[in-house]
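Below, each chain spelled out in residue letters.
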Amino acid sequence: GGLNIMINGKIDLRSDTVTVPTDEMRQAMCTAVVGDDVYGDDVTVNALEALAAEMMGKEAGLFVPSGVMSNQLALFTHANRGDEVILPDNCHIVSHEAGAAAIIAGVQLRTVQNVAGEMPLDILESYIRKDANDIHQPKTALITYENADSDGQVRDLAYMKNVKALADKYHLPIHLDGARIFNAATYLGVDVKEMTQYVDTVSVCLSKGLCAPVGSVLVGSADFIAQARRKRKIIGGGMRQVGILAAAGKIALTEMTKRLQQDHDNAAYMVERMKEIKGITVLAERQQISMVFFCLQDYPLTSAELVAYLAKHDVIINGEDNGVMRFVTHKYVSKEEIDKVVELMKKASV
């Protein structure tokens, strides 16, 4: 389509979490039939949970306020205190969840150095505690990883299948942080069930690029979700007339997942346009989903100065993270707006 409406009159490239609800979502939220979800009688949230579970090929789902709660509930339910969870060293659970695993589940995180989010299978296997009778060792309780991850990288089906074979060999469950699983499925050109068949539980975010205002859904077996529902109550996630939020979540899953290719195409377009800017190195190979990564090499502005310069022109971006900067495309970023940002950056580089 043509120009999308900007968010609050600004071009916001910080993250796909900035997407605001569509008019259709707001209407659905206004008219949602609600009940008390803690009693289990909010029909709208029940419908969302069933929909998410069905789309992921699992038995049951649980609506939670955030991706962090979804991941932490998975750890809290899969593992006991003092158990060990194996995961990539730069994944969301390790880097962006405020140390919650130590506080809530009380688990030990055994982190694996990885290549673009993939834990090498030989190292992964060597990290699994083999002797359950050894009183010195913690017990391995869970393997978890992301797809797609916050660096925009996607694990392919072959990798997921191999991790599953390894987990099965040692009778371990796998939790997938699938915050952006629909982006990953879009990139791979597969139905999301093709991916989720290789994991036991999945966390899927409704507010990253899918425009729902709030929430994630944790899916898994009926027994697992029943336990997770109790644990959700423990950490304060038992909400009441939450169908108002779930109504937007249903549209996020049924409608907004279908348009993600447009965001990926726009990100690819942005990669090509940004190659025209002097003093910038675009990490083109890292653009798989809706994320564009680049470094300032001989650019006249520092990262902080670029943030301030673009802010003056109603473009909002994040600063660098370990020398790398990231732009994220989403429903409210059009090609015309990408052109505007590129031209602004070119002007500053003259």
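Remember, it's a predicted structure, so these values are computed and weren't measured experimentally.

Novice: How would you summarise the packing of aromatic side chains if you had to cite specific residues and measurements?
Specialist: Enumeration according to the criterion identifies 2 aromatic pairs in this entry. Centroid distance tyrosine 145 to tyrosine 159: 6.0 Å. Interplanar angle 85°. Geometry classified as edge-to-face. With a gap of 14 residues between them, tyrosine 145 in strand β5 (residues 140-146) and tyrosine 159 in helix α7 (residues 157-169) connect regions that are remote in the sequence. Tyrosine 159 shares its class with tyrosine 145; the two are buried. Sitting above the plane of the tyrosine 332 ring, lysine 331 keeps its charged end 5.9 Å from the centroid. Cation over ring: lysine 335 sits above tyrosine 269, and NZ or CZ is 4.9 Å from the ring centre.

Novice: Break down the nonpolar core for me, with residues and values.
Specialist: Grouped burial of nonpolar side chains is what soluble globular proteins tend to show. By size, the foremost hydrophobic cluster in this structure holds 63 residues, and its most contacted members are Ile143, Ile181 and Phe182. Examining the composition of this core, we find that 7 residues originate from one element, helix α2 (residues 43-56), more than from any other. The contacts of isoleucine 181, once residues within four sequence positions are left out, are Met56, Asn147, Ala148, Leu176, Val192, Met195, Thr196, Val202 and Val204. Counting 27 residues, the second largest nonpolar core, distinct from the first, contains Val271, Phe294, Leu306 and Val342.

Novice: Describe in detail the sheet that holds strand β3 (residues 84-88), supporting the description with residues and values.
Specialist: Sheet architecture is open: 7 strands sit in the order β2-β8-β7-β6-β5-β3-β4, paired in mixed fashion. Looking along the sheet, the strands with just one partner apiece sit at the ends: β2 (60-64) and β4 (108-112). If you compare each strand with its neighbour and ignore which way they point, the axes differ by 20° on average. Here β5 runs beside strand β6 (residues 174-177); their pairing, made up of 4 bridges, is parallel. Bridge pairing links isoleucine 143 to isoleucine 174 in β6.

Novice: Tell me about the side chain of arginine 180, residues and numbers included.
Specialist: Here arginine 180 lies in the loop between β6 and α8 (181-188). Look past the residues within four positions of arginine 180 in its chain and what remains in contact with it is Ser15, Asp16, Asn147, Ala148, Asp149, Ser150, Lys208, Ile289, Met291 and Arg326.

Novice: Tell me about the environment of methionine 239, and name the residues and values.
Specialist: Along the polypeptide, methionine 239 turns up in the loop between α10 (222-234) and α11 (243-254). Separated by 202 residues in the primary sequence, methionine 239 and aspartate 37 have C-alpha atoms spaced 6.3 Å apart.

Novice: Which residues make up the packing of α8 against helix α12 (residues 260-274), and what values go with them?
Specialist: Interhelical geometry of α8 versus α12 gives an angle of 75° and a closest axis separation of 9 Å. Here α12 runs roughly perpendicular to α8, going by the angle between their axes. Side by side, α8 and α12 meet where Phe182, Asn183, Thr186 and Tyr187 of the first sit next to Leu260, Gln261 and His264 of the second. Partitioning the contact of α8 with α12 into residue classes produces 3 nonpolar, 4 polar and no charged.

Novice: Give me the environment of leucine 142: which residues, what numbers.
Specialist: Of note, leucine 142 is situated in strand β5. On a C-alpha basis, the gap between leucine 142 and valine 350 in space is 52 Å, while along the polypeptide they are 208 residues apart. Among all residues touching leucine 142, those that are not within four sequence positions of it are Leu75, His78, Glu84, Val85, Ile86, Pro173, Ile174 and His175.

Novice: Please provide a residue-by-residue account of unusual backbone geometry, values included.
Specialist: Among all residues save glycine, negative phi is the norm, and among peptide bonds the norm is trans. For the bond running from asparagine 147 to alanine 148, omega is -5°, close enough to zero to count as cis. Along the chain, the position of alanine 148 falls in the loop between β5 and α7. For asparagine 322, which is not glycine, the phi dihedral falls at a positive 55°. Residue position: asparagine 322 is located in the loop between β11 (315-316) and β12 (325-328). Residue classification places asparagine 322 among the exposed residues on the basis of a relative accessible area of 78%.

Reading guide: rules and limits
- Residues numbered from 1 in each chain as written.
- Predicted model: local features only at pLDDT ≥ 70, side-chain atom pairs only at ≥ 80, totals over all residues.
- Heavy atoms only, no water.
- Phe/Tyr/Trp six-rings, centres within 6.5 Å; stacked < 30°, edge-to-face > 60°.
- Helix = DSSP H or I, 4+ residues; strand = E, 2+ residues; numbered from the N terminus.
- Buried < 20%, exposed > 50% of the residue type's maximum accessible area, 1.4 Å probe, protein only.
- Lys NZ or Arg CZ within 6 Å of the ring centre and 35° of its normal.
- Core = buried A, V, L, I, M, F, W, Y, C linked by side-chain atoms within 4.5 Å.
- Contact = heavy atoms within 4.5 Å.
- Pairing = 2+ DSSP bridges.
- Axes fitted to C-alpha atoms, helices over the stretch in contact; angles between N-to-C directions.
- Parallel < 35°, antiparallel > 145°, perpendicular 65-115°, else oblique.
- Nonpolar A, V, L, I, M, F, W, Y, C, P; charged D, E, K, R; others polar.

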